[in-house]
Amino acid sequence: MSKKSTNRIDPVSVPLPPEGVDSHAHLDGEEFDLDREAVLERAAACGISHVGNVFLNPDHLAARQHYFADHPQVFFLLGVHPCHGRDCTPEVIEAMRRAFAEEPRLKAVGEIGLDFYWDDCPREVQYEVFTAQLRLARELELPVVIHCREAEEETLMVLESQGFAGYPLLWHCFGKGPDLARRIVHNGWHVSVPGPVTYKANEELREAVACIPSDRLMLETDAPYLAPVPWRGKRNEPAFTVFTARAVAEARGQDVEELWRQCGTNARRFFGL
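Predicted, not measured: the structure shown is a model, and the values here were computed from it.

Caption draft 1: Main features of the side chain of T198. Tracing the backbone through its elements, the reader meets T198 in the loop between β7 (190-193) and α7 (203-210). Classification of T198 as buried rests on a relative accessible area of 16%. Within polar-contact distance, the side chain of T198 engages the backbone oxygen of G195 at 2.7 Å. With near-sequence residues (within four places) excluded, T198 lies in contact with R206, P228, V229, F243, T244 and A247.

Caption draft 2: Region of the structure containing the pairing of strand β4 (residues 106-115). Across the ten residues of β4, nine count as buried, placing the element largely inside the fold. Here five bridges tie β4 to strand β5 (residues 144-149), and the two strands are oriented parallel to one another. Following the sheet pairing, V109 is matched in β5 by V144. For the segment spanning β4, helix α4 (residues 123-140) and β5, crossover handedness is right-handed.

Caption draft 3: Region of interest: the environment of L16. When you line up the elements, L16 lands in the segment before β1 (20-25). The sequence separation of L16 and A132 amounts to 116 residues, and the corresponding C-alpha distance is 40 Å. Residues within four places of L16 in sequence aside, it is in contact with C46, G47, V242, A245, R246, V256, E257 and W260.

Caption draft 4: Broad picture of the pairing of strand β2 (residues 48-55). Most of β2 is tucked away: eight of the eight residues are buried. Across four bridges, the pairing between β1 and β2 is parallel. Within β2, the residue paired with A25 across the bridge is N53. The parallel pair β2 and strand β3 (residues 74-78) is bridged by helix α2 (residues 58-64), and the resulting crossover is right-handed.

Rules of the game
Residues numbered from 1 in each chain as written. Predicted model: local features only at pLDDT ≥ 70, side-chain atom pairs only at ≥ 80, totals over all residues. Heavy atoms only, no water. Helix = DSSP H or I, 4+ residues; strand = E, 2+ residues; numbered from the N terminus. Buried < 20%, exposed > 50% of the residue type's maximum accessible area, 1.4 Å probe, protein only. Polar contact = N/O pair within 3.5 Å; in protein donor to acceptor, adjacent residues only side chain to side chain. Contact = heavy atoms within 4.5 Å. Pairing = 2+ DSSP bridges. Right-handed = clockwise from strand over helix to strand, strands pointing away.

The structure is reproduced here in structure tokens:
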């Protein structure tokens, strides 16, 4: 018996107004080396005004930021991922400090946080690196973008104990239920929703999305990961945000163009674009 085929809808055929933002992508990765320009062209054609590219260490920023020299719509984030915590030496923190002083396209410290799903880095190192980067963000008065996987209570404990309630903070790649969403919102933070909101099994995530205030909500791809339906299992890219937006709008009972504009406005305000 043959497998059921998937109708891979071209995102350019279902564009939204030119006000959307993909708040989190990794377009500097080798996955885009053959067609990065075309990927950015498709994003614009679908209604993406800005893309946040996340560099995972200062060396990547120095070596790869030229990819976007002709694309001012791409803004930058910089942080050491918790799985790479052992690489975050005092020298790396100092290099990050210099980078933020020298590169105006850097808009936030991230993605940083805790990841207990993988065993790539000891937890005590993750805590140390996380708090060091939080201190840097506060010193530089920059927003923070959080990575959290299977460490929700621990991440909240760190942030709340460090006095980050009310601080400009975005919970990247949100994938849990309403209780966590409400606690994030209670702390005055923002939530970014990725492609898995389109997956049939993720009803709890759609319930969470429905209870997030409209002024706290953003959209993201986390490209090349987590492509939404109808491109699930393929390389993700910013243009696919249009599919995520439609799923989020449906879950909220909201007009998709209204949601698209609101999420874009939230991102531009949060990152100072």
